[in-house]
Amino acid sequence: SSGINAEYGGHISRVVWVKPHWSDQMPLGTQRIKIGSERGRLRVNSDLEYYVSDPDSFGSNLYETREFELTVIPSGYPIPSLTSPWILDIDLDFFSTRNPFRPRTLR
C-alpha cells in the first residue's frame, strides 16, 4: 500500500483506522508495527494475523526498520486527538466494486 511507503519514509508515524462493523481484518487497540526491507522489498513485522498470513507483506528478518503506531477503533467511536497534521485516506474499493463484502455480511 502507499501508506507503507509513507510510514517507512518517516512521513507518517501514527495510523488511526476506523474499523467498519463488518470488518474482521484487525482487532481493536493500539500496536507498534515494524516496517523494513527484506530481500529488496518493503515488508511488515507484526503479530497481527492480517500481516502474518500474507507472505508478500510479512517479513521476519527486516533491516533498516522503522516503527509506526496503528490504532484501530470501531466506527462511531470518537477519534483520538490529533495534534499534528493528518491525512484522510478513504478506501474507494468499497464504492467502486459495489461493496465486495456485502455477501459476507449477509451470512
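Scroll up to find the structure.
*Asks:* Just checking my understanding: could you explain the environment of M26 for this structure?
*Replies:* By secondary structure assignment, the location of M26 is in the loop between β1 (14-19) and β2 (29-38). A C-alpha to C-alpha distance of 6.6 Å links M26 and Y50, two positions 24 residues apart in sequence. Not counting residues up to four positions away in its chain, the partners in contact with M26 are W17, K19, L48, Y50, Y51, L70 and V72.

*Asks:* Which parts of the structure should I look at to understand the pattern of salt bridges?
*Replies:* Working definition: two side chains of opposite charge can pair if their charged atoms are close together. Evaluation of the coordinates by the stated rule reveals four salt bridges. Of the charged contacts, one joins R39 and E38 as a salt bridge, the two residues approaching to 3.3 Å between their closest N and O atoms. For R39, a relative accessible area of 65% translates into the label exposed. For R43, the salt bridge identified is with E38, shortest N-O distance 3.7 Å. Judged by relative accessible area, which is 5%, R43 ranks as buried. Because the salt bridges share partners, they merge into one network encompassing E38, R39 and R43.

*Asks:* What exactly am I supposed to notice about the pairing of β2 here?
*Replies:* Residues in a regular strand point their side chains to alternate faces of the sheet. As defined by bridge partners, β2 adjoins strand β4 (residues 63-74) across eight bridges and the pair is classed as antiparallel. Bridge pairing links S37 to Y63 in β4. When β2 meets strand β3 (residues 41-45), the two strands line up antiparallel, connected through five bridges. Residue K34 lies in a different strand from β3, and its bridge partner there is N45. Count of turn residues in the β2/β3 antiparallel hairpin: two residues, of which R39 carries a positive phi of about 55°.

*Asks:* Is there a simple way to think about unusual backbone geometry in this case?
*Replies:* The bulk of non-glycine residues show a negative phi, and the bulk of peptide bonds are trans. Its identity is not glycine, yet R39 carries a phi of approximately 55°, on the positive side. Position of R39 among the secondary structure elements: in the loop between β2 and β3. With a phi angle near 50°, E64 is a residue other than glycine that sits in the positive phi range. Assignment of secondary structure puts E64 in strand β4.

*Asks:* So what exactly am I meant to see when it comes to the side chain of E7 here?
*Replies:* Along the chain, the position of E7 falls in helix α1 (residues 2-8). In this structure, E7 is buried with no salt-bridge partner, the nearest side chain bearing the opposite charge being R66 at 10 Å. The residues contacting E7, other than those within four sequence positions of it, are I12, V15, I35, R66 and F68.

*Asks:* Explain the packing of aromatic side chains here, please?
*Replies:* The description of an aromatic ring pair uses the distance of the two centres, along with the angle that the planes make with each other. Scanning the entire structure with this criterion turns up one aromatic pair. Judged by centre distance (5.1 Å) and plane angle (80°), the rings of Y50 and Y51 are edge-to-face. For Y50, a relative accessible area of 38% translates into the label partly exposed.

*Asks:* I tried to follow a nonpolar patch on the surface on my own but got confused; where do I start?
*Replies:* Taken together, V18, I79, L82, W86, L88 and I90 make up a surface patch of nonpolar side chains, about 640 Å² in accessible area. Looking at the secondary structure, you find L88 in the loop between β4 and α3 (93-96).

The rules behind the values
- Residues numbered from 1 in each chain as written.
- Predicted model: local features only at pLDDT ≥ 70, side-chain atom pairs only at ≥ 80, totals over all residues.
- Heavy atoms only, no water.
- Helix = DSSP H or I, 4+ residues; strand = E, 2+ residues; numbered from the N terminus.
- Contact = heavy atoms within 4.5 Å.
- Salt bridge = Lys/Arg side-chain N within 4 Å of Asp/Glu carboxyl O.
- Buried < 20%, exposed > 50% of the residue type's maximum accessible area, 1.4 Å probe, protein only.
- Pairing = 2+ DSSP bridges.
- Lys, Arg positive; Asp, Glu negative; His and termini not counted.
- Phe/Tyr/Trp six-rings, centres within 6.5 Å; stacked < 30°, edge-to-face > 60°.
- Patch = residues over 30% accessible without salt bridge, like charges linked within 9 Å, V, L, I, M, F, W, Y side chains within 5 Å.
- Areas by Shrake-Rupley, 256 points an atom, 1.4 Å probe, with all protein chains shown as cover.

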